[in-house]
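What follows is the residue order along each chain.
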Amino acid sequence: MASQRIPHPHINKPQLYAVAGLRTHSGRITSNVLPVLRPWLPSAAEILPYLEMIDAQRWYSNGGPLVTRLEQHLSTRLGAADCVVTTANETVGLTAALLARRAPEGSFCLMPSWTFVATPHAARAAGLVPWFHDVDPGTWALDPEAVSDTVRRLPGRVGAVMVVSAFGAPIDIEAWQNFENDTGIPVVIDGAAAFDTVRASRIPIVVSLHATKILGAGEGGFVVTTDPELRDRLRAACNFGFVASRRAMLPALNAKMSEYHAAVALAGLARWPSIRAQHVQITEWYGAAIRPLACVALQPGYGEGWVSGTTSVVLPGKSAATVADILSRCGIDSRKWWGEGCHAQPAFADCPHGPLPVTEELGASVLGLPHFPEMQRPDVERVTDVLAAALYSRSIECLAERVSG
Ligand SMILES: Cc1ncc(COP(=O)(O)O)c(C=O)c1O
């Protein structure tokens, strides 16, 4: 990155506040805190018709009509027949997918450290040992060639690889299919935020429908696979291991989605086009404001035809925490969504890992900025003005002058 300037840790408070309020009330400081995220699920009125269907049927879980309808709707959207299995949340969907892929208990599950803690929790719940691998700086995701190389050198059995889509970014499925064919190691894709980019593939992709995601059901998730045998095993893995009877045939859990959560997801699908359009708009506003800032970078691929519901930027000089503090003093919430990486989390401190220089760099430099559906252009400008001011002390003076002048 050219002309890196380390953020000034002792920025004059009134100047920053002036910048923060610049776009609001002719320079006056606003008392509104801009949240980093503001979930917006369908209203009671939008969900009501589905709730009435539940009342009429008195079918509340165990593959009811709304869950079936949701799975069919999602399969149609993905262009492949019967390729979706819904789950109670994405974390249990990941565990069920690993069980269905028969990853041997006690083996390593290679995964990025640059992910949310749900990924290693899910592997542990499937009896695997998380093994943290570094990510590619160009995608923020695992690179199949680098993982192949590690697998060849690693003493100990690798039972599965969990690839994580970074904040919804598309994954090169074909490359991972080749990896699977070459190594025989099953792959599961954690596509938590990838509702917009998920594609039908044989390799299972697991998507979250948590309230914070672009399509939310409160809690929920779904797994996509075009392999009918795997899909059936996955269904059993989500339902106590039952196949055609009440006999437990394989290691499993209860990961089924309820009819109530399917009701919210179906109501959400009805307004998906307008929700997506709002995210496209926010992504365009952020892209236009941030691209000219020489020392800030957007997430790789940001604004290139897909949306995820978060905006993460890379700040210079490992300054994510400092900038978060400056934003906070200006009433702007932000979040280091994946912290310093999972290897830095106490629950996973004992997990083996390789060298993690990219993860460490991302952990210190990446910050999630406010991003929520009803955000308006002045909100985005308020964030990017403070960001610019925090990173270029000269522009603080200049913006503050415009306010006071
Ligand atoms: C990368 C990743 N994996 C898994 C999850 C877990 O999803 P859920 O909350 O639906 O279990 C999340 C949640 O945000 C996530 O970001």
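Structural data are supplied above this passage.
On a predicted model such as this, the values are computed, not experimentally measured, just so you know.

*Asks:* Can you break down the side chain of Ser 75 residue by residue, with the values?
*Replies:* Residue placement: Ser 75 occurs in helix α3 (residues 65-78). When its relative accessible area of 5% is taken as the criterion, Ser 75 is described as buried. Within polar-contact distance, the side chain of Ser 75 engages the backbone oxygen of Glu 71 at 2.9 Å. Not counting chain neighbours up to four residues away, the residues in contact with Ser 75 comprise Ala 80, Asp 82, Cys 83 and Val 84.

*Asks:* Could you give an account of the pattern of salt bridges, with specific residues and numbers?
*Replies:* A full pass over the atoms with the stated rule returns 17 salt bridges. A single network of salt bridges, built from pairs that share partners, joins Glu 71, Asp 82, Arg 231, Asp 232 and Arg 235.

*Asks:* I'd love a proper account of the nonpolar core, names of residues and values included.
*Replies:* Grouped together as the largest cluster of nonpolar side chains are 51 residues, with contacts concentrated most on Leu 110, Val 161, Trp 176 and Phe 195. Counting residues per element, this core draws most heavily on helix α9 (residues 259-270), which supplies seven residues. If you look at the next biggest cluster of nonpolar residues, it comprises 31 residues, including Leu 315, Ile 326, Val 386 and Ala 390.

*Asks:* Which residues make up the pairing of strand β4 (residues 158-164), and what are the values?
*Replies:* Side-chain direction in a regular strand flips from residue to residue, so the side chains alternate between the two faces of the sheet. Within β4, seven of the seven residues are buried, leaving the element largely enclosed by the surrounding structure. As judged from the three bridges shared by strand β2 (residues 108-112) and β4, these two strands associate in the parallel manner. Within the sheet, the bridge partner assigned to Cys 109 lies in β4 and is Ala 160. Pairing geometry for β4 and strand β5 (residues 187-190), over four bridges, is parallel. The residue bridging Val 163 from the neighbouring strand is Ile 189, located in β5. Where the polypeptide runs from β4 across helix α7 (residues 173-183) and back to β5, its parallel neighbour, the crossover connection is right-handed.

*Asks:* I'd like a rundown of the site of the ligand, residues and numbers included.
*Replies:* Of all residues adjacent to the ligand, which total 14 residues, the nearest are Glu 90, Thr 91, Asp 190, Ser 208 and Lys 213. Glu 90 is positioned with one of its backbone polar atoms (N or O) 2.9 Å from an oxygen atom of the ligand. Between Lys 213 and the ligand, the recorded distance is 2.6 Å, taken from a side-chain N or O atom to an oxygen atom. If the ligand stood free it would expose 390 Å²; the protein chains cover 87% of that surface. At the level of secondary structure, the elements contributing two or more residues to the shell around the ligand comprise α4 (90-100) and α5 (118-125). Along the lines of polarity and charge, the residues of the shell around the ligand split into five nonpolar, six polar and three charged.

*Asks:* Could you give an account of the packing of aromatic side chains, naming the residues involved and the relevant values?
*Replies:* As enumerated under the stated definition, the model contains eleven aromatic pairs in all. For the ring pair Phe 195 and Phe 222, a centre distance of 6.1 Å and an interplane angle of 90° mean the geometry is edge-to-face. Remark: Phe 222 occurs in strand β7 (residues 221-224) and Phe 195 occurs in the loop between β5 and β6 (205-208); sequence separation between them is 27 residues. Each member of the pair, Phe 195 as well as Phe 222, is classed as buried.

*Asks:* So, the sheet that holds strand β8 (residues 297-298): which residues are in play, and what are the values?
*Replies:* Within the open sheet, the three strands sit side by side as β8-β9-β10. Their pairing is antiparallel. Each edge of the open sheet carries a strand with a single partner, namely β8 and β10 (366-369). Sitting on the sheet, helix α12 (residues 357-365) touches β9 (311-314) and β10, and the angle it makes with β10 is about 40°.

*Asks:* Before we move on, could you go through helix α2 (residues 44-57) and cite the residues and values that matter?
*Replies:* Its 14 residues give α2 an end-to-end C-alpha distance of 19 Å, which sits within 8% of 20 Å, the value for a rise of 1.5 Å per residue. Taking the largest bend as the criterion, α2 deviates by roughly 30°, centred on Tyr 50. Considered for burial, the residues of α2 that qualify are Ile 47, Tyr 50 and Ile 54. Elements that come into contact with the buried residues of α2 comprise α3 and α9. Arg 58 lies just past α2 and shows a positive phi near 55°.

*Asks:* Can you explain the sheet that holds strand β1 (residues 84-87)? Please cite residues and give values.
*Replies:* With mixed pairing, seven strands are arranged side by side in an open sheet as β1-β7-β6-β5-β4-β2-β3. Looking along the sheet, the strands with just one partner apiece sit at the ends: β1 and β3 (129-133). Direction aside, the axes of adjacent strands within the sheet are offset by 25° on average. Lying on the sheet, helix α6 (residues 144-153) is in contact with β2, β3 and β4; it crosses β3 at an angle near 125°. Together, β4, β5 and β6 form the strand contacts of α7, whose direction differs from that of β5 by roughly 155°.

*Asks:* Account for unusual backbone geometry, naming residues and giving values.
*Replies:* One non-glycine residue, Asn 62, lies in the positive phi region at around 60°. Along the polypeptide, Asn 62 turns up in the loop between α2 and α3. In this model, Phe 167 sits at a positive phi of 50°, which is unusual for a non-glycine residue. With respect to the secondary-structure elements, Phe 167 resides in the loop between β4 and α7. The exposure class of Phe 167 is buried, given its relative accessible area of 6%.

*Asks:* So what's going on with the environment of Val 380? Which residues, and what values?
*Replies:* With respect to the helices and strands, Val 380 occurs in helix α13 (residues 377-391). Discounting chain neighbours no more than four positions away, the residues touching Val 380 are Ile 282, Trp 285, Tyr 286 and Met 375.

Rules of the game
- Residues numbered from 1 in each chain as written.
- Predicted model: local features only at pLDDT ≥ 70, side-chain atom pairs only at ≥ 80, totals over all residues.
- Heavy atoms only, no water.
- Helix = DSSP H or I, 4+ residues; strand = E, 2+ residues; numbered from the N terminus.
- Buried < 20%, exposed > 50% of the residue type's maximum accessible area, 1.4 Å probe, protein only.
- Polar contact = N/O pair within 3.5 Å; in protein donor to acceptor, adjacent residues only side chain to side chain.
- Contact = heavy atoms within 4.5 Å.
- Salt bridge = Lys/Arg side-chain N within 4 Å of Asp/Glu carboxyl O.
- Core = buried A, V, L, I, M, F, W, Y, C linked by side-chain atoms within 4.5 Å.
- Pairing = 2+ DSSP bridges.
- Right-handed = clockwise from strand over helix to strand, strands pointing away.
- Near = heavy atom within 4 Å.
- Areas by Shrake-Rupley, 256 points an atom, 1.4 Å probe, with all protein chains shown as cover.
- Nonpolar A, V, L, I, M, F, W, Y, C, P; charged D, E, K, R; others polar.
- Phe/Tyr/Trp six-rings, centres within 6.5 Å; stacked < 30°, edge-to-face > 60°.
- Axes fitted to C-alpha atoms, helices over the stretch in contact; angles between N-to-C directions.
- Expected span 1.5 Å × (residues − 1).
- Bend = angle between axes of the 7 residues up to and from the residue.

Limitation: the analysis is restricted to geometry and does not speak to function.
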